[in-house]
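If you want the building blocks of each chain, they are given just below.
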Amino acid sequence: LKTTKVEIIKIDSKTQKTLSGAKLQLVDSEGKVKYTWTTKETAHSISHLPVGNYTLEEVEAPNGYELNNVKQKVVIQAGKLVKVTFENTKNIKIK
């Protein structure tokens, strides 16, 4: 049995710096939430996922950032490391 692994990282859309404090979830093809976590300044790794199609969704944006409503498709394949970068845009305050 080949193992699977996905690494997910949150970054600022302008500076490309890593972001912590976003709440993300990985949902399987049947709509079941498989993992929920809060991002840190390093990539979040999930191993031993069943092979298949998943969706990465943001539930809560990092402080000072807009919620990213784009659902990213993630395809998990046996023996392959999948890397996903998920961006956020800073809130712009209008004076």
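Going by the structure above, here's the rest.
About the cut-offs
- Residues numbered from 1 in each chain as written.
- Predicted model: local features only at pLDDT ≥ 70, side-chain atom pairs only at ≥ 80, totals over all residues.
- Heavy atoms only, no water.
- Pairing = 2+ DSSP bridges.
- Helix = DSSP H or I, 4+ residues; strand = E, 2+ residues; numbered from the N terminus.
- Axes fitted to C-alpha atoms, helices over the stretch in contact; angles between N-to-C directions.
- Buried < 20%, exposed > 50% of the residue type's maximum accessible area, 1.4 Å probe, protein only.
- Contact = heavy atoms within 4.5 Å.
- Polar contact = N/O pair within 3.5 Å; in protein donor to acceptor, adjacent residues only side chain to side chain.
- Salt bridge = Lys/Arg side-chain N within 4 Å of Asp/Glu carboxyl O.

Trainee: Tell me what's going on with the sheet that holds strand β6 (residues 72-76), and back it up with residues and numbers.
Mentor: Strand order in the open sheet formed by four strands is β3-β2-β5-β6, with antiparallel pairing between adjacent strands. In this open sheet, the two edge strands, each paired with only one partner strand, are β3 (33-38) and β6. Taken over all neighbouring pairs, the strand axes of this sheet differ in orientation by 25° on average, direction set aside. The pairing of strand β2 (residues 23-28) with β3 spans five bridges and is antiparallel. In the strand pairing of β3, leucine 24 is matched with tryptophan 37.

Trainee: Account for the environment of lysine 32, with residues named and values stated.
Mentor: Checked against the element boundaries, lysine 32 lands in the loop between β2 and β3. The exposure class assigned to lysine 32 is partly exposed, which follows from its relative accessible area of 46%. Through-space distance from the C-alpha of lysine 32 to that of glutamate 7 is 20 Å; in sequence the pair is 25 residues apart. Setting aside its immediate chain neighbours within four residues, lysine 32 contacts Leu26 and Val27. Within polar-contact distance, the side chain of lysine 32 engages the side chain of glutamate 30 at 3.2 Å.

Trainee: Could you give an account of unusual backbone geometry, naming the residues involved and the relevant values?
Mentor: Despite not being glycine, glutamine 16 shows a phi value in the positive range, around 65°. Within the secondary structure layout, glutamine 16 lies in the loop between β1 (5-12) and β2. A relative accessible area of 44% places glutamine 16 in the partly exposed class. The phi torsion at histidine 48 lies on the positive side, around 60°, for a residue other than glycine. Positionally, histidine 48 belongs in the loop between β4 (44-47) and β5 (52-60). The exposed category is assigned to histidine 48, whose relative accessible area is 60%.

Trainee: Lay out the pattern of salt bridges in plain terms, naming residues and giving numbers.
Mentor: Scanning the entire structure with this criterion turns up five salt bridges. Here lysine 5 makes a salt bridge to glutamate 7, at a shortest N to O gap of 3.9 Å. With a closest N to O distance of 3.2 Å, glutamate 30 and lysine 32 form a salt bridge. Assessed through its relative accessible area of 62%, glutamate 30 is described here as exposed.

Trainee: Talk me through the side chain of threonine 55; I want residue IDs and the actual numbers.
Mentor: With respect to the secondary-structure elements, threonine 55 resides in strand β5. Note on threonine 55: relative accessible area 17%, which makes it buried.

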